[in-house]
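Here's the letter readout for the chains.
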Amino acid sequence: MIDRRMGIFLAGLFVLAVVVPVGNLALAGQPVPTYLVALIGKYLCYALLAVALDLVWGYCGILSLGHGAFFALGGYAMGMYLMREIGDRGVYANPSVPDFMVFIGWKELPWYWWGFDHFALAAAMVVIAPGLLAFVFGWFAFRSRVTGVYLSIITQAMTYALMLAFFRNDMGFGGNNGLTDFKDILGFDLAQPATKVGLMVLSALALAGGLVLARWVTGSRLGKVLVCVRDAESRTRFLGYRVEHYKLFIFTLSAMMAGVAGALYVPQVGIINPSEFSPANSIEIVIWVALGGRGTLVGAALGAIVVAAAKTVLTGALPEAWLYALGALFILVTLVLPTGVVGALEDTLSRLRGTPPRKEAKA
Amino acid sequence: MTSLLRALALLLALGCAGAAAAQDFAGLIAALPGGSYADRAKVVKDLGLTGDPRALVVLRALEADDLKVLADGTPVIVNDKTGAAVAAVDGSDRGTPAADSLDRVKVNNAVRRALRSAIGMLTLRDPDPARRLAAARDALKAADPDQIEALDAALAAETDAGVAATLAEARAAAVLKSPDAAGPDQLAAIATLAARGDDAARAALTPVAASAKPDLAKAAQAALARIDEAQRFWGLAQNLWYGLSLGSVLMLAAVGLAITFGVMGVINMAHGELVMLGAYTTFVVQQVIRAEAPGLFGWSLVIAAPLAFVVAGAVGVVIERGIVRHLYGRPLETLLATWGVSLMLQQAVRSAFGPDNRDVGNPGWMSGAFHLGQMQITWNRLWILVFAFAVFAVLLMVLKRTPIGLQMRAVTQNRAMAANMGIRTGRVDALTFGLGSGIAGLAGVALSQIDNVSPNLGQNYIVDSFMVVVFGGAGNIWGTMAGAFTLGIANKFLEPFAGAVLGKILILVGIILFIQKRPRGLFAVKGRAVEA
């Protein structure tokens, strides 16, 4: 089930998950600084998000421009738990409601915050909230056969609407500022390097788990049907498959994975705010997948890590150049590398070996 | 005959009043500095009732604390810059008295109130009708029974119909307040105010509705009910206007997209940035005009519009030839590539013009507002509505009545067949895309008048414009028009109940649900074109 490219990637991930903690915690002189640990953890969350998008776009042809919304929902679920963990250590030292609610004059916790002081419920909501949204949204969209660019545009509208909603103060999610000032998670201090290393290793594990799960799903019979849907939706329907059920399943699964990525992301960056819902963020996820190679899973993860790292470097060194670079990347990848870097690389390799390249079906 | 007699009598009365005023004007001025504040307020009021233009000068001076008294008791008006004094009564020169020899005529709040009211009464005779209208509105608000006579006089002398109506209403409000007005007079006043039907009228009528005289109270209550109805109607009309205005903006932003997306099937995510380029073109044109030929400023938009069309259109042609051409038949890739273009254009404008909002001015004919009934209509919104329809009409003409429009439709309906007929499809593609982009530029000119011109301008409209096109149905520019106005009006009618943000969210959710029902929009193209 695990082919060569995934084997190599998982091995690399394993090395990373061993070297970084050792370098940060055990070795003298700390060759791996703590900020880098949090950064790597962040990239790994992005990679998981990219894998989630690749699952629907690469294997089922659904170009979602709203995956940032599922990521952010997972993040908010985790953020709510972290907010409740602060307890009475906030600025207003109010044990019953978080600071931002004190600020807007709320005396009691709204009902949708109930139970978020239990980690188990928050962890469940991390997958339930995005999964439910994806299920309801997908059920409406796929049932009425909204496809192609129309689907892309309404997913974009969905995340845009959510962004506007979360910007409202009376939504009870901190409005503009979002949720921040977290102190600890399950009793571990978030400022401690050991906690950061733990979260990073957890992110690596989640990414590995996500990759294996995605591989398993796409390798199964169901995965074959998904590829059929991508390549010839009407024909698959005429063969007797309930196309909308397959789409709904993979869309919901992907949204849940994105939610997990968001939940791991929030404690590592220490903030979640409505700008995570912005349509531009969601489109950036697409370029990660497109650059790495859609339908390759590993390529998507690599693409996310490379682009996110390039963003960190470029926005630091040449802030003006970043948008030019990102824009050029969008154009070049779509014009020159339709199968992404991984796809192009493997095609070239197999051509060199004299075996016929793998066929790319027309979308 | 009777009306003629009445007019004659009025003129006679006016003449007498004028004569009387001339006699006691000097007396009133002389009495102004003496006595208590209450006496002074009384004198001020009497001065206002004289209707004498000379009184206006004195009262304005009193209001500005420039009215002083010389050592010999003569009131003078002192110019507070030069210190030169003129007599308050006849304006004769009194030299430049030493500052410490002057005594200021003091005012308190009661006197100030009297002053404002008196100045208002005197302004009723101002030669400028706009000033008279403002004074009449003040009088309506004051509703002072003592002003009835002055209002009658002003009413008789008034030539402007609009001002006369307001004067009559002001008189009606004053009559209602007056304890000794006759019943029929007050009933007539209620009718006059009910016809006005706005908040000022409501304020004047509300105390009367609780009056002890049953017939008056009843009439006032009926009038209030009528006013409520009128206000509901005008509220509706105002909402409708806001909706139309928003719809016209949406239509401008979306109609170019309707060409590139609707007709060609190309998702152009850089459309918003082309709008932004149009707005920046306007900015540059205005900068050049300000520097080189300030007299042309009124024409700046007329000059900017064709330039914006050319700039945005040229960029559009470059995008089509450079990128979109290679991606026909792959809509998702087109979407991503044009998103890349949009990022680069945004950054380019940010580098060239800076990240801040740029100031684009309104020419004279675009600024200000006028009233229609109780509705306020701003000129810039009205012109944008007109402009949107003009652009739409021209576009329709181009598509339906010109050879290039025919070729555009032919290529989009059946590319291979069109090519066989000798149409250069590549050239037509470029021109179509250029047309859609050029219209985006025109939208930018209009938006520069009502929105902030910043590098993010396009981002604010891109989701909305796609919603309009998707809602209206791709491939049909009539659908775009219907979609734009439906969404605009729906948005403005939701706003009072739900608030601006929630209203917008409801609209988005509504569209998402609507797409379920009609996946191809309001005006779907039927037939074989659907699967293309």
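**Describing the overall build of chain A**
Each helix and strand in chain A was counted, giving 14 helices and four strands. Taken against the 2.2 N^0.38 rule, which gives 21 Å for 363 residues, the C-alpha radius of gyration of chain A at 21 Å falls within 12% of a compact globule. Counting only C-alpha atoms and orienting by the principal axes, one finds that chain A spans roughly 70 × 55 × 40 Å. Split into buried and exposed, the 363 residues of chain A put 54% on the buried side. For chain A, the exposed area adds up to about 15500 Å²; of that, 67% sits on carbon and sulfur atoms.

**As for unusual backbone geometry**
It is generally the case that most residues other than glycine have a negative phi and that most peptide bonds are trans. Residue and element names in this part refer to chain A. Its identity as a non-glycine residue notwithstanding, Ala93 has a phi of 50°, on the positive side. With relative accessibility at 44%, the residue Ala93 sits in the partly exposed group. The phi angle at Asp181 is positive, at roughly 65°, despite the residue not being glycine. Here Asp181 lies in the loop between strand 1 (179-180) and strand 2 (184-185). Overall, the relative accessible area of 48% leaves Asp181 in the partly exposed class.

**Section: the pattern of salt bridges**
By the definition in use, this model includes 15 salt bridges over all chains. A salt bridge links Arg237 of chain A to Glu233 of chain A; the shortest N-O distance between them is 3.3 Å. Residue Arg237 of chain A and its partner Glu233 of chain A are both found in helix 9 (residues 233-238); the two are separated by four residues, about one turn of the helix. Between Glu495 of chain B and Lys492 of chain B there is a salt bridge; the shortest N-O distance is 3.5 Å. Of this pair, Glu495 of chain B and Lys492 of chain B both sit in helix 19 (residues 477-498), three residues apart, which is roughly one turn of that helix. Of the residues examined, Glu495 of chain B reaches a relative accessible area of 24% and is grouped as partly exposed. Within the structure, one salt-bridge network assembled from shared partners comprises Glu233, Arg237 and Lys247 of chain A.

**Examining the environment of Gly316 of chain B**
All names here are of chain B. Here Gly316 lies in helix 12 (residues 300-322). Residues Gly316 and Ile77 lie 239 residues apart in sequence; the distance between their C-alpha atoms is 68 Å. When residues no more than four places from it in sequence are discounted, the contact partners of Gly316 are Leu274, Phe433 and Ser437.

**Here we look at the interface of chain A and chain B**
Counting from both sides, the interface comprises 39 residues of chain A and, opposite them, 39 residues of chain B. Roughly 3700 Å² is buried in total at the junction of chain A and chain B, and carbon and sulfur atoms are behind 78% of that figure. Interface area lost by chain A to chain B is led by Tyr150, Ile153 and Leu323 of chain A, which between them contribute 18%. Inspection of the chain A/chain B interface yields one salt bridge. Inspection of the region where chain A meets chain B yields four residue pairs in polar contact (both at pLDDT 80 or more). Those elements giving two or more residues to the side of chain A that touches chain B turn out to be helix 5 (119-143), helix 6 (148-167), helix 11 (279-292) and helix 13 (319-336) of chain A. With 13 residues, the top contributor of residues to the side of chain A that touches chain B is helix 6 of chain A. Partitioned by chemical class, the residues of the side of chain A that touches chain B number 29 nonpolar, seven polar and three charged.

**Focus on the packing of aromatic side chains**
Residues and elements named next belong to chain A. In the structure shown here, the tally under the stated rule is 28 aromatic pairs over all chains. For the ring pair Tyr46 and Tyr265, a centre distance of 5.5 Å and an interplane angle of 35° mean the geometry is tilted. Linking Tyr46 in helix 2 (residues 34-60) with Tyr265 in helix 10 (residues 243-269), this pair joins segments that are 219 residues apart in sequence. Its relative accessible area of 15% is what places Tyr46 among the buried residues. Of the residues examined, Tyr265 reaches a relative accessible area of 7% and is grouped as buried. Taken together, the aromatic side chains of Tyr76, Phe100, Trp111, Tyr112, Trp113, Phe166, Phe173 and Phe277 make up a single cluster linked through ring pairs. The aromatic ring of Trp139 is capped on one face by Arg143, whose charged end is 4.5 Å from the ring centroid.

Calculation criteria
- Residues numbered from 1 in each chain as written.
- Chains lettered and ligands numbered in written order.
- Predicted model: local features only at pLDDT ≥ 70, side-chain atom pairs only at ≥ 80, totals over all residues.
- Heavy atoms only, no water.
- Helix = DSSP H or I, 4+ residues; strand = E, 2+ residues; numbered from the N terminus.
- Rg over C-alpha atoms; globule rule 2.2 N^0.38 Å.
- Buried < 20%, exposed > 50% of the residue type's maximum accessible area, 1.4 Å probe, protein only.
- Areas by Shrake-Rupley, 256 points an atom, 1.4 Å probe, with all protein chains shown as cover.
- Salt bridge = Lys/Arg side-chain N within 4 Å of Asp/Glu carboxyl O.
- Contact = heavy atoms within 4.5 Å.
- Buried area = accessible area lost by both parts, 1.4 Å probe.
- Polar contact = N/O pair within 3.5 Å; in protein donor to acceptor, adjacent residues only side chain to side chain.
- Nonpolar A, V, L, I, M, F, W, Y, C, P; charged D, E, K, R; others polar.
- Phe/Tyr/Trp six-rings, centres within 6.5 Å; stacked < 30°, edge-to-face > 60°.
- Lys NZ or Arg CZ within 6 Å of the ring centre and 35° of its normal.

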